[in-house]
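# Overview (structure and organization)
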Amino acid sequence: MSCEWSSWHRDYGSERQMHFVWEEVSEHPLKPLVVTMTESRVTKRTLGGSTASSTGSSTPTPTLDPLGAALDGSDPLSQFVRQEMDPLSKMAADLSKDLIADDGIEPWALRKSAILSKFTTSEKLSIVTSFLSGGEKVVVKAQSSMVDKVKNRLEQLDDFEEGSVRQMLDLSQQEYAGRIEQLNQELVQAWHTDQRVRALKIAIQCSKLLVDTTVIQFYPSKFVLITDILDIFGKLVYERLRTKAEYYVQGSKVCTPLPENFTPDMVPESAKETCRNWFYKIASIRELVPRLYVEMAILKSYSFLTEFSQALLRLTRMIRGIGDPLVAVYARCYLCRVGVTVPSGDKEYVKENFYDFLASYNQQVFSAGIRSELGRQKVDLSTYLTLYTPALDWILQSVAANAPERLLVEILARCKEKNNSALLLNTIMAAFKPAYIASRALQFIELISACDEEGFPQYLLFRTLGLCLALADPPTDQRLQVLNDVWRVVTKLYDPAQYISCGEVWVQFAVRHFS
């Protein structure tokens, strides 16, 4: 089919009539591309009508042009319409994962991956062990006096009887994690081949690695890797004791496994004796940190002997003997973490752990010795303080779970007495119910504004406060003042990462509460 169309064309004063003829064509630029695929070839029809071939398999697939995509509802705006949750609500849901969303305690498993991805290092790491091949042999120097010889022998009995001590140097973070996993496999293999003492020695050596803070920014991730092994060791010991604790129900001649909620009086004396032997072996460990960690790892096994309350309080007070505040706070974190898995109704030990940390906060965390070590490792104070957050958040979360509002008032009053309280404020806001924080939003803004910029980053404090207010609303008459006070600080952030980190939270607050 053809059609004729005429038109007058004016060309610099002269006029002439032009005739155009319409003809039907099979190729034009707006026609969608069609790719035809056959068993042996793919023929792609191009805009100019030429073809290109390649090997493939069958069926034509049309390629939609962008304008056509808009018409069929697949453009970005149409996709938002079809979403069950709008982008701002989705952001609120994502951000709320950083906070406690219910009255319970967030499982540790949900935090591990975040810690491992955040606290990384490019520095070289080292491991001292006698259970892995490779590395350099550590030569023990000859001791002159009898006292030195006895002391050296005790050190070897602690963990190095299995063979020569090896020091693995210059390990990358990934290689370090791989070596730790090898130790984990060695422990499990030793246990299943009835080498219980060897398994205990591996647990001791792993615990000793938590004394080392030479690559300090990696310490939280190291804690996660090592305590995973200790958790497995504790579970193996507990299950072993339970299989040995079968008892006879009154009037029956058949052995019966202990029920889930058994009491110590149901445990046979032979199983109790085996359990005591485990704790006696651990009590003979010479160094404090490994002795604490291994006992905490098998804490659940106290259920065969007695109540947990006395053991929890005793371990809490033993941690006071650890001199390094970072090592001590993570030991407290582990105690609180295993403590929530045992049926102890008394939670006083958790509060005592937090108050013990407060008691030594200014004297230890900001001491000249710590500042000197940070200078040697070229780590600034604000980075160092963020290393405490995973441990402190867990401890205070355990304190705040199901706690009344008056406990927030009590803890806040104690924290206000401390200098450099930014780290403590951040922990409080992350741990307590958002509703408690929202009702005191102006008070927290005042406390945050007064914090020293040298310490914990101030923008992180405002971000944490914003996350709380995403889950609970401040009083209506305070909302505008809250936004103005915070935004005045946000607009002065010159670092783009800090600005975005704060701004994304507080923009949501503005959208929710204002026109």
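Going by the annotation in an unreviewed UniProt entry, the name recorded for the protein chain is VPS35 endosomal protein-sorting factor-like, with Timema tahoe given as the source organism. Taken from UniProt, the Subcellular location (unreviewed entry) comment for the protein chain reads in full: "Endosome". Comment text from UniProt for the protein chain, heading Sequence similarities (unreviewed entry), reads "Belongs to the VPS35L family."

## Considerations on the pattern of salt bridges
Under the definition given, this model contains 19 salt bridges. Residue Lys-208 is joined to Glu-287 by a salt bridge in which the shortest nitrogen-to-oxygen separation is 3.1 Å. Taken together, the residues Lys-208 in helix α7 (residues 196–208) and Glu-287 in the loop between α9 (269–283) and α10 (288–297) connect sequence positions 79 residues apart. A residue is classified by how much of its surface remains accessible, and Glu-287, at 25% relative accessible area, is partly exposed. Among the charged side chains, a salt-bridge network with shared partners connects Arg-317, Arg-320, Arg-332, Glu-352 and Asp-356.

## Thoughts on helix α23 (residues 479–490)
Taking 1.5 Å of rise per residue, the 12 residues of α23 would be expected to cover 16 Å, and the 16 Å separating its terminal C-alpha atoms lies within 8% of that figure. Buried residues of α23: Arg-479, Val-482, Leu-483, Val-486 and Val-490, and no others. Down the axis of α23, the buried side of the element spans an arc of 90°, and every buried residue falls inside it. Considering only its buried residues, α23 is in contact with α21 (441–449), α22 (458–471) and α24 (496–513).

## Some remarks on empty space enclosed by the protein
The final tally for this structure, using the stated rule, is 2 cavities of 30 Å³ or more. Roughly 30 Å³ of internal volume is contained in the second largest cavity. In terms of lining residues, the second largest cavity is bounded by Phe-366, Leu-385, Asn-420, Ala-422, Asp-452, Gly-455 and Phe-456. When its residues are assigned to classes, the lining of the second largest cavity shows 4 nonpolar, 2 polar and 1 charged.

## Some details on the packing of helix α11 (residues 309–318) against helix α12 (residues 325–339)
In a packed pair of helices, the relevant descriptors are the angle between the two axes and the axis-to-axis distance. It is the contact of α11 with α12, at a shortest axis distance of 10 Å, that shows an interaxial angle of 170°. Judged on the interaxial angle alone, α12 and α11 are roughly antiparallel. Residues Leu-312, Leu-315 and Thr-316 of α11 pack against Arg-332, Leu-335 and Gly-339 of α12.

Calculation criteria
- Residues numbered from 1 in each chain as written.
- Predicted model: local features only at pLDDT ≥ 70, side-chain atom pairs only at ≥ 80, totals over all residues.
- Heavy atoms only, no water.
- UniProt positions renumbered as here; feature names shortened; annotations may be inferred.
- Salt bridge = Lys/Arg side-chain N within 4 Å of Asp/Glu carboxyl O.
- Helix = DSSP H or I, 4+ residues; strand = E, 2+ residues; numbered from the N terminus.
- Buried < 20%, exposed > 50% of the residue type's maximum accessible area, 1.4 Å probe, protein only.
- Expected span 1.5 Å × (residues − 1).
- Arc of directions from axis to C-beta.
- Contact = heavy atoms within 4.5 Å.
- 1 Å grid on protein atoms, 1.4 Å probe; cavity = no way out; pocket = protein on both sides within 12 Å on 5 of 7 lines; lining within 4 Å.
- Points joined across faces, edges and corners; volume = space filled by probe spheres on them.
- Nonpolar A, V, L, I, M, F, W, Y, C, P; charged D, E, K, R; others polar.
- Axes fitted to C-alpha atoms, helices over the stretch in contact; angles between N-to-C directions.
- Parallel < 35°, antiparallel > 145°, perpendicular 65-115°, else oblique.

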